[in-house]
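Structural overview for review
Here are the chains, one letter per residue:
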Amino acid sequence: MPEGHTIHRLARRHQTLFRRQHVAVSSPQGRFIDGAEAVDGRLFSRASAWGKHLFHHYAGGHIVHVHLGLYGKFTDFIVDAGVPEPVGQVRMRMVGTEKGTDLRGPTACEVIGEAEVSEILARLGPDPLRKDADPSTAWARISKSRRVIGALLMDQKVIAGIGNVYRSELLYRHRINPHRPGTRMDEHEFSDAWTDLVALMNVGVRRGKIITLRPEDDHGMPSYAPRRPRTYVYRRAGDPCRVCGTTVRTEVLEGRNLFWCPTCQS
């Protein structure tokens, strides 16, 4: 599932492609026909993101809410060459003056109003990529919870936008055992991790990939997959820790694979 930096990159991309344009919106697949008709031809005001939720704001108060889920993806195309025929199950097609984009496979694609946006945001924790983020609300939830920190970081009600990669890598970078209950976290420890998370996710927005290795640790075994940045522990189960050499472990925690070093994160 795309993590928060990907959604913020999409918001910036769509802002560049469609802002102040009357965008043609359709649903070749047929599952978003009513929604597409509601915003078709309207002025695209702006795009915004909060965690893993993307919002397209149109003149008149209409807002398209998109959650990519596990399989959702936007694919851009150039209009000057002629609008191409849809390929596959295109839920939503947007066509601007120069470029367009097709959305396939999202978990959510719907037209909502400001009140419904507020309801969605009320269910989410602070987003480290937003300037208005208040980490104290995340700390309040963590410090009062007996759930383990490895589970809390994946809870979008605690912090919005963190996914499996940032979860595993952030905990490693701060030598935090993922099985430690939230009630046993130290506030200064949390503050340092939050500051680091903000920096890491902003790098992700700029570069389009999750970079977590410090330069002094960026050596040794290759990445877990071709053309992927190297990681400390994510998807490295059975491999030696890049710092201490201990075998990296994995387990399923609340439905997602968790990775950690039992020595560095003891």
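Here is what the cut-offs are and how they apply
- Residues numbered from 1 in each chain as written.
- Predicted model: local features only at pLDDT ≥ 70, side-chain atom pairs only at ≥ 80, totals over all residues.
- Heavy atoms only, no water.
- UniProt positions renumbered as here; feature names shortened; annotations may be inferred.
- Helix = DSSP H or I, 4+ residues; strand = E, 2+ residues; numbered from the N terminus.
- Contact = heavy atoms within 4.5 Å.
- Salt bridge = Lys/Arg side-chain N within 4 Å of Asp/Glu carboxyl O.
- Pairing = 2+ DSSP bridges.
- Buried < 20%, exposed > 50% of the residue type's maximum accessible area, 1.4 Å probe, protein only.
- Axes fitted to C-alpha atoms, helices over the stretch in contact; angles between N-to-C directions.
- Parallel < 35°, antiparallel > 145°, perpendicular 65-115°, else oblique.
- Left-handed = near helix turned anticlockwise from the far one by under 90°.
- Domains from an automatic or database assignment.
- Buried area = accessible area lost by both parts, 1.4 Å probe.

In the nomenclature of an unreviewed UniProt entry, the protein corresponds to Endonuclease 8 1 from the organism Mycolicibacterium aurum. Under the heading Catalytic activity (unreviewed entry), UniProt records this for the protein: "2'-deoxyribonucleotide-(2'-deoxyribose 5'-phosphate)-2'-deoxyribonucleotide-DNA = a 3'-end 2'-deoxyribonucleotide-(2,3-dehydro-2,3-deoxyribose 5'-phosphate)-DNA + a 5'-end 5'-phospho-2'-deoxyribonucleoside-DNA + H(+)". The UniProt entry for the protein carries the following text under Cofactor (unreviewed entry): "Zn(2+)".

With that out of the way, let us pick up the UniProt feature "domain: FPG-type" (unreviewed entry) in the protein. UniProt's feature table lists "domain: FPG-type" (unreviewed entry) at residues 232-266, given in the numbering used throughout. Within residues 232-266, the helical portion is 0% and the strand portion 29%, while the C-alpha atoms at the span's ends are 15 Å from each other.

We now examine the environment of P86. Take P86: it is sitting in the loop between β5 (73-78) and β6 (90-95). Separated by 65 residues in the primary sequence, P86 and A151 place their C-alpha atoms 40 Å from one another. Those residues within four positions of P86 in sequence are excluded, and the remaining contacts are P28 and R93.

So, about the pattern of salt bridges. Pairing between side chains of opposite charge can happen when their charged atoms approach one another. One pass over the full model with this rule turns up ten salt bridges. Residues R147 and D155 are paired through a salt bridge, measuring 2.8 Å at the closest nitrogen-oxygen approach. Each of R147, D155, K157 and E254 takes part in a single network of salt bridges with overlapping partners.

Take the pairing of strand β10 (residues 256-260) next. Here strand β9 (residues 249-253) pairs with β10 via five bridges, running antiparallel. Residue pairing in the sheet places L253 in a bridge with R256 of β10. Between β9 and β10, which pair antiparallel in sequence order, lie two residues; one of them, E254, sits at a positive phi of approximately 50 degrees.

The subject of this paragraph is the environment of S145. Relative to the helices and strands, S145 resides in the loop between α4 (135-143) and α5 (149-152). Look at S145 and you get buried, because its relative accessible area is 13%. Taking the C-alpha atoms as reference points, S145 and A160, separated by 15 residues in sequence, lie 17 Å from one another. When residues no more than four places from it in sequence are discounted, the contact partners of S145 are L152, P181, G182 and T183.

Bringing the packing of helix α6 (residues 164-173) against helix α7 (residues 187-207) into the picture now. Running from N to C, α6 and α7 point in directions that differ by 135 degrees, and their axes come no closer than 11 Å. One finds that α6 runs oblique with respect to α7. Judged by the sense of rotation from one axis to the other, the crossing of α6 with α7 is right-handed. Across the interface between the two elements, Y166, L170 and R173 from α6 touch A193, D196, L197, L200, M201 and G204 from α7.

The extent of an interface is frequently quoted as the accessible surface area lost upon association of the parts. One can read the domain layout of the protein as domain 1 (4-123) and domain 2 (135-260). If you average the C-alpha positions of domain 1 and of domain 2, the two centres end up 30 Å apart. Each partner contributes to the interface: domain 1 provides nine residues, whereas domain 2 provides 15 residues. For the pairing of domain 1 and domain 2, the buried interface totals around 870 Å² over both sides, and the portion due to carbon and sulfur atoms is 59%. On the domain 1 side of the contact with domain 2, H5, R9 and K52 bury the most area, a combined 57% of that side's loss. Scanning the region where domain 1 abuts domain 2 turns up zero salt bridges.

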